[in-house]
Amino acid sequence: MRLNEEMIDHIESIHRMDREELVAIYGDMILIGATEDIDEVKVELAYLIYAILRKEPDEFEKDKIVRYFRHLEMNDELRAYSHSKSTQRIIRRIYRML
């Protein structure tokens, strides 16, 4: 079972936002001060949006959300280091191990 397109769009938009954008757009949905880790805030926000769109996510669905965030982060890393072939190979190898 895959994440639906609407959820993927939400995850991708959340992934691109910095802390200020998240607070400006989703401020009432984020527990301010609950965590300093912006990546954790993004994942928790994705869980909440998933629950609103569909239903309460179970552990399998939460794992899919986390894996999709990791996929987006890995793509960012590949773009950042695309100039270095050796770094690109290492990142791809790590990505396959996840």
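The structure displayed is predicted, hence computed values, not measured ones.

A.B. asks: Talk me through the nonpolar core; I want residue IDs and the actual numbers.
C.D. replies: Counting 20 residues, the largest nonpolar core has Leu3, Met7, Ile11, Leu22, Tyr26 and Ile65 as its most contacted members. Those elements that place two or more of their residues in this core are α1 (5-16), α2 (19-26), α3 (38-53) and α4 (59-80). Here this core gets 7 residues from one element, more than from any other, and that element is α3. Each residue touching Tyr26, except ones within four places of it in the same chain, is listed here: His10, Ser13, Ile14, Met17, Leu45 and Ile49.

A.B. asks: For a positive patch on the surface, give the residues involved together with the corresponding values.
C.D. replies: On the surface, Lys85, Arg89, Arg92, Arg93 and Arg96 cluster together into a patch of positive charge. On the secondary structure map, Lys85 appears in helix α5 (residues 85-97).

A.B. asks: Can you break down the side chain of Lys42 residue by residue, with the values?
C.D. replies: Considering the arrangement of structural elements, one finds Lys42 in helix α3. It is Asp39 that comes nearest to the buried, bridge-free Lys42 among opposite-charge side chains, at 4.7 Å. Apart from the residues within four sequence positions on either side, Lys42 is in contact with Ile14, His15, Met17, Leu22 and Phe69.

A.B. asks: Go over α1 with me, naming the residues and quoting the values.
C.D. replies: Every α-helix winds through 3.6 residues per turn, so residues three or four apart in the chain are directed the same way. An ideal rise of 1.5 Å per residue puts 16 Å on 12 residues; α1 measures up with 17 Å between its terminal C-alpha atoms. Taken as a whole, α1 has its buried residues at Met7, Ile8, Ile11, Ile14 and His15. For α1, the angular spread of buried residues about the axis comes to 130°, placing them on one side. In α1, those exposed residues whose orientation departs by more than 90 degrees from the buried face are Glu5 and Arg16. Along its buried surface, α1 packs onto α2, α3 and α4.

About the criteria used
- Residues numbered from 1 in each chain as written.
- Predicted model: local features only at pLDDT ≥ 70, side-chain atom pairs only at ≥ 80, totals over all residues.
- Heavy atoms only, no water.
- Core = buried A, V, L, I, M, F, W, Y, C linked by side-chain atoms within 4.5 Å.
- Buried < 20%, exposed > 50% of the residue type's maximum accessible area, 1.4 Å probe, protein only.
- Helix = DSSP H or I, 4+ residues; strand = E, 2+ residues; numbered from the N terminus.
- Contact = heavy atoms within 4.5 Å.
- Patch = residues over 30% accessible without salt bridge, like charges linked within 9 Å, V, L, I, M, F, W, Y side chains within 5 Å.
- Areas by Shrake-Rupley, 256 points an atom, 1.4 Å probe, with all protein chains shown as cover.
- Salt bridge = Lys/Arg side-chain N within 4 Å of Asp/Glu carboxyl O.
- Lys, Arg positive; Asp, Glu negative; His and termini not counted.
- Charge placed at Lys NZ, Arg CZ, Asp CG, Glu CD.
- Expected span 1.5 Å × (residues − 1).
- Arc of directions from axis to C-beta.

No statement about biological role is implied by the geometric values presented.
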